[in-house]
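As a plain string of letters, each chain reads:
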Amino acid sequence: MTATVAIEVHDLVKRYGDLVAVGGVSFTVYQGETFGLLGPNGAGKTTTLEIIEGLRRADSGRVVVQGIDVFTHPRKARELMGVQLQEAGFFEKLTVAETIATFGRFHQKSVPVEQLLARLQLEEKARTLVENLSGGQRQRLSIALALVNDPQIVFLDEPTTGLDPQARRNLWDIIRSIRDEGRTVILTTHYMDEAEELCDRVAIMDQGKIIAIDTPVNLIQTYAPGAKVYITPHREEEGERIAEQLRSLPGVEGVGKNGNGEIRLDTEQLEATVGALVELGRGGEVQYRSMRIEVSNLEDVFLKLTGRRLRE
Ligand SMILES: Nc1ncnc2c1ncn2[C@@H]1O[C@H](COP(=O)(O)OP(=O)(O)OP(=O)(O)O)[C@@H](O)[C@H]1O
Ligand SMILES: [Mg+2]
């Protein structure tokens, strides 16, 4: 199967005065995939997204969406795209159903209001004023508006920021279902778990540049292979001695201690390290109360690449 290109981004540059918000960004998004721009505040994610959407002008570069040059044919390109509006775009005194109907009129073709209400689980809120919606409901409404023109490509800028865990999971299900309909989804987030859950491929952005781009699994394998194993010794005063002893276990690259008395082993060979630990425990040479394992995630990838945490 050969993948069809949905979006080509060539060497985008955007400056605001002296600040280089986007410093030469290139990537390709394939049809039907969910593609994530992951990065900290100010990385340039929204700027990149809005240039692709034709809402901001780049200083240089080129964007082609399904064969259409966005800079020279913005209107035509926009027909293919659904863009999630920020809250600021809502009319607070309209109901949910009126809002969807109003936005539908901006487009040549639009999905029936009832269908979108059902799709986003907003039927019961159809007659509710926008100003009375909860955060999660507002977010669902903004996604309904992104789908109103039945777009092939859907853009979501931080779709779950500020939501509680349950509302986030609910939105994740909705985003997955958009992808399952065969649409291309491009989203920004600064939640690494969200990127891992939803995205087929992720571009990690930092300071206006893409510093890595791949599937989450490949990014982790390339930049942060391995895992951390934590054990809590039976007696805390034995921590030092045990930590020293564990330094020579197979696979162990580093040993550290947590404030709560846990010993941390950084390993690149999880099975070998855990196997040896279990053996030591069985033989009574090292006594520990608990063991837990943390496999690497995209946060570790970001830390490895930049020396900083994603969310400081
Ligand atoms: N209209 C503007 N005028 C001046 N500077 C801007 C403008 N828009 C964005 N910037 C700057 O460009 C940089 C990139 O901003 P952008 O909004 O693209 O980041 P982001 O990755 O979306 O961040 P966040 O995660 O906070 O949404 C930031 O330093 C920001 O202050
Ligand atoms: Mg942003």
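Note that this is a predicted model, so its numbers are computed, not measured.

Caption draft 1: Molecular detail of the site of ligand 1. Near ligand 1 you find 14 residues, and of these Asn41, Gly42, Lys45, Thr46 and Thr47 are the closest. The contact in question runs from an oxygen atom of ligand 1 to an N or O atom on the side chain of Lys45, over 2.7 Å. At 2.5 Å, a side-chain N or O of Thr47 approaches an oxygen atom of ligand 1. Protein coverage of the free-state accessible area of ligand 1, which is 630 Å², stands at 61%. Among the elements of the structure, β2 (19-30) and α1 (45-52) are those that each provide at least two residues to the shell around ligand 1. Of the residues that constitute the shell around ligand 1, the class distribution is five nonpolar, six polar and three charged.

Caption draft 2: Spotlight on the packing of helix α3 (residues 96-104) against helix α5 (residues 135-146). In contact at an axis separation of 9 Å, α3 and α5 are set at 25° when each is read in the N-to-C sense. It follows from the interaxial angle that α3 and α5 lie roughly parallel. As α3 packs across α5, the resulting crossing turns out to be right-handed. Contact residues: Val96, Thr99, Ile100 and Phe103 in α3; Leu141, Ala144 and Leu145 in α5. Of the residues assigned to the contact of α3 with α5, the class counts are six nonpolar, one polar and no charged.

Cut-off values and rules
Residues numbered from 1 in each chain as written. Chains lettered and ligands numbered in written order. Predicted model: local features only at pLDDT ≥ 70, side-chain atom pairs only at ≥ 80, totals over all residues. Heavy atoms only, no water. Near = heavy atom within 4 Å. Polar contact = N/O pair within 3.5 Å; in protein donor to acceptor, adjacent residues only side chain to side chain. Areas by Shrake-Rupley, 256 points an atom, 1.4 Å probe, with all protein chains shown as cover. Helix = DSSP H or I, 4+ residues; strand = E, 2+ residues; numbered from the N terminus. Nonpolar A, V, L, I, M, F, W, Y, C, P; charged D, E, K, R; others polar. Axes fitted to C-alpha atoms, helices over the stretch in contact; angles between N-to-C directions. Parallel < 35°, antiparallel > 145°, perpendicular 65-115°, else oblique. Left-handed = near helix turned anticlockwise from the far one by under 90°. Contact = heavy atoms within 4.5 Å.

Remember, this is a structural readout, not a statement about activity or role.
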